[in-house]
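Summary of structural features
Now for the letters of each chain:
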Amino acid sequence: MTTLTHRARRTEVGKNSEKKVESEEDMNQDRNQDNEDIGDSKDIRLTLMEEVLLLGLKDKEGYTSFWNDCISSGLRGGILIELAMRGRIYLEPPTMRKKRLLDRKVLLKSDSPTGDVLLDETLKHIKATEPTETVQTWIELLTGETWNPFKLQYQLRNVRERIAKNLVEKGILTTEKQNFLLFDMTTHPVTNTTEKQRLVKKLQDSVLERWVNDPQRMDKRTLALLVLAHSSDVLENVFSSLTDDKYDMAMNRAKDLVELDPEVEGTKHSATEMIWAVLAAFNKS
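Only a predicted model underlies this, so the values are computations on that prediction, with no experimental measurement involved.

Remarks on the overall build of the chain
- Of the regular secondary structure elements, the chain holds 12 helices and four strands.
- For the chain, buried positions account for 47% of its 285 residues.
- Of the roughly 15200 Å² of accessible surface on the chain, a fraction of 50% belongs to carbon and sulfur atoms.

Some thoughts on the pattern of salt bridges
- Scanning the entire structure with this criterion turns up 16 salt bridges.
- In this structure, lysine 127 and aspartate 111 form a salt bridge, with 2.6 Å as the shortest nitrogen-oxygen distance. Within this pair, whereas lysine 127 is found in helix α4 (residues 117-128), its partner aspartate 111 is found in the loop between β2 (106-108) and α4, the two being separated by 16 residues in sequence.
- Between glutamate 259 and lysine 255 there is a salt bridge, and its shortest N-O distance comes to 3.2 Å.
- Classification of glutamate 259 as exposed rests on a relative accessible area of 52%.
- Overlapping salt bridges bring together Glu82, Arg86 and Arg221 as one network.

Focus on the environment of lysine 151
- Along the chain, the position of lysine 151 falls in the loop between α5 (135-143) and α6 (159-169).
- Taking the C-alpha atoms as reference points, lysine 151 and leucine 141, separated by 10 residues in sequence, lie 6.8 Å from one another.
- The contacts of lysine 151, once residues within four sequence positions are left out, are Glu133, Leu141 and Thr146.

As for helix α10 (residues 244-258)
- Here α10 spans 21 Å end to end across 15 residues, near enough to the 21 Å set by a 1.5 Å rise per residue.
- Next to the buried residues of α10 lie α7 (193-207), α8 (220-231), α9 (235-239) and α12 (273-284).

Focus on unusual backbone geometry
- The residue after glutamate 130, namely proline 131, is reached through a cis peptide bond having omega 0°.
- Note on placement: proline 131 falls in the loop between α4 and α5.
- Even without glycine at this site, aspartate 233 takes up a positive phi of about 60°.
- Note on placement: aspartate 233 falls in the loop between α8 and α9.
- Looking at aspartate 233, the relative accessible area reads 25%, which means it is partly exposed.
- Despite not being glycine, serine 270 has its phi angle at roughly 70°, a positive value.
- Mapped onto the secondary structure, serine 270 falls in the loop between α11 (262-265) and α12.

Describing the packing of helix α3 (residues 71-85) against α5
- Running from N to C, α3 and α5 cross one another at 125°; their axes reach a closest spacing of 9 Å. Comparing the axis directions of α3 and α5 gives the class oblique. As for how α3 packs across α5, the hand of that crossing is right-handed. Mapping the contact onto sequence places Ser72, Ser73, Arg76, Gly77 and Leu80 in α3 and Val135, Trp138, Ile139, Leu142 and Thr143 in α5.

Points about the packing of aromatic side chains
- Under the counting rule described, the total for this entry stands at two aromatic pairs.
- Seen in terms of ring centroids, tryptophan 138 and tyrosine 154 are 5.5 Å apart; in terms of plane orientation they differ by 75°. Their pairing is edge-to-face. With tryptophan 138 in helix α5 and tyrosine 154 in the loop between α5 and α6, this pair connects stretches of sequence that are 16 residues apart. Of the two residues, tryptophan 138 and tyrosine 154, both sit in the buried class.

Looking at the nonpolar core
- If you look at the biggest cluster of nonpolar residues, it comprises 74 residues, and the most contacted ones within it are Leu55, Leu80, Ile81, Ile89, Val135, Phe239 and Met274.
- With nine residues, the single largest contributor to this core is α12.
- Residues within four places of leucine 80 in sequence aside, it is in contact with Ile89, Ile126, Val135, Trp138, Ile139, Leu142 and Met274.

As for the side chain of glutamate 195
- Summarising the element assignment, glutamate 195 is placed in helix α7.
- By relative accessible area, glutamate 195 is classed as buried at 5%.
- A distance of 2.8 Å separates the side chain of glutamate 195 from the side chain of arginine 198, its partner in a polar contact.
- Excluding residues within four positions of it along the chain, glutamate 195 makes contact with Ile44, Leu46 and Ile172.

Considerations on α8
- The end-to-end C-alpha distance of α8 is 16 Å, a good match for the 16 Å that 12 residues give at a rise of 1.5 Å each.
- Among the 12 residues of α8, 11 are classified as buried, and the element is accordingly described as predominantly covered.
- Listing the buried residues of α8 in full gives Arg221, Thr222, Leu223, Ala224, Leu225, Leu226, Val227, Leu228, Ala229, His230 and Ser231.
- Of the residues that open α8, the one with a side-chain oxygen 3.3 Å from the backbone nitrogen of arginine 221 is aspartate 219.
- Phi turns positive one or two residues past the end of α8, at aspartate 233, with a value near 60°.

Rules and cut-offs
Residues numbered from 1 in each chain as written. Predicted model: local features only at pLDDT ≥ 70, side-chain atom pairs only at ≥ 80, totals over all residues. Heavy atoms only, no water. Helix = DSSP H or I, 4+ residues; strand = E, 2+ residues; numbered from the N terminus. Buried < 20%, exposed > 50% of the residue type's maximum accessible area, 1.4 Å probe, protein only. Areas by Shrake-Rupley, 256 points an atom, 1.4 Å probe, with all protein chains shown as cover. Salt bridge = Lys/Arg side-chain N within 4 Å of Asp/Glu carboxyl O. Contact = heavy atoms within 4.5 Å. Expected span 1.5 Å × (residues − 1). Axes fitted to C-alpha atoms, helices over the stretch in contact; angles between N-to-C directions. Parallel < 35°, antiparallel > 145°, perpendicular 65-115°, else oblique. Left-handed = near helix turned anticlockwise from the far one by under 90°. Phe/Tyr/Trp six-rings, centres within 6.5 Å; stacked < 30°, edge-to-face > 60°. Core = buried A, V, L, I, M, F, W, Y, C linked by side-chain atoms within 4.5 Å. Polar contact = N/O pair within 3.5 Å; in protein donor to acceptor, adjacent residues only side chain to side chain.

Any link to function would need more than the numbers given here.
Written out as structure tokens, the structure reads:
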């Protein structure tokens, strides 16, 4: 499991009524996300997985660090959070025995297509799986980290390449071929640096100028992205352009955030449980 790195590593590249309100808010959020005209905004809408990959890519080289062995599982965690935030899946309610986040199963809320191939493929797997599985198990299954040969069908293949192609279609990356002595590799250099800089600045501001020191008051997608960037070992890329004092402040605040107890934070009012369940899964791995 990745840990937050130090400066020295910068060189390496009524309960029923409440439930009803929450359900209506989820569906409204989903409708707004699906129906809003992208042309009405100057920003390009990206999924959490696309944002994580974009943060991990070297701008000119167009590939992630060869030493990063966390981003694959981080992207799968992003898929689960994205599906939850779009109102497609949720965690089973805690019972009287107060099940931990890692013990609660992922349940289907809606199987309506999202329009994203990876999300819809995952949604199909979750719908077809019986008995249901936990967040940690789903991350392992989608990554292919399972010893059960009957579960290999759930592995999502070529995830980075498919996400990169989405970013190419959105005009943020381009596609090139590079020769590495013994083999050729498809790379995806960043062409729309403005979009990446906007994303980096948003995360920097969230732990500096706009720091609220309370995850429940943070924008949910920003919180999710910070958790996923940490879990994918790309968070240092976000803060590497800062001055030394701001870098240390940003890393310390991010460290404080991801070291919070997911079990406690996940039970707070208006918390997005899937974010904390994914963090709990990565903390355990």
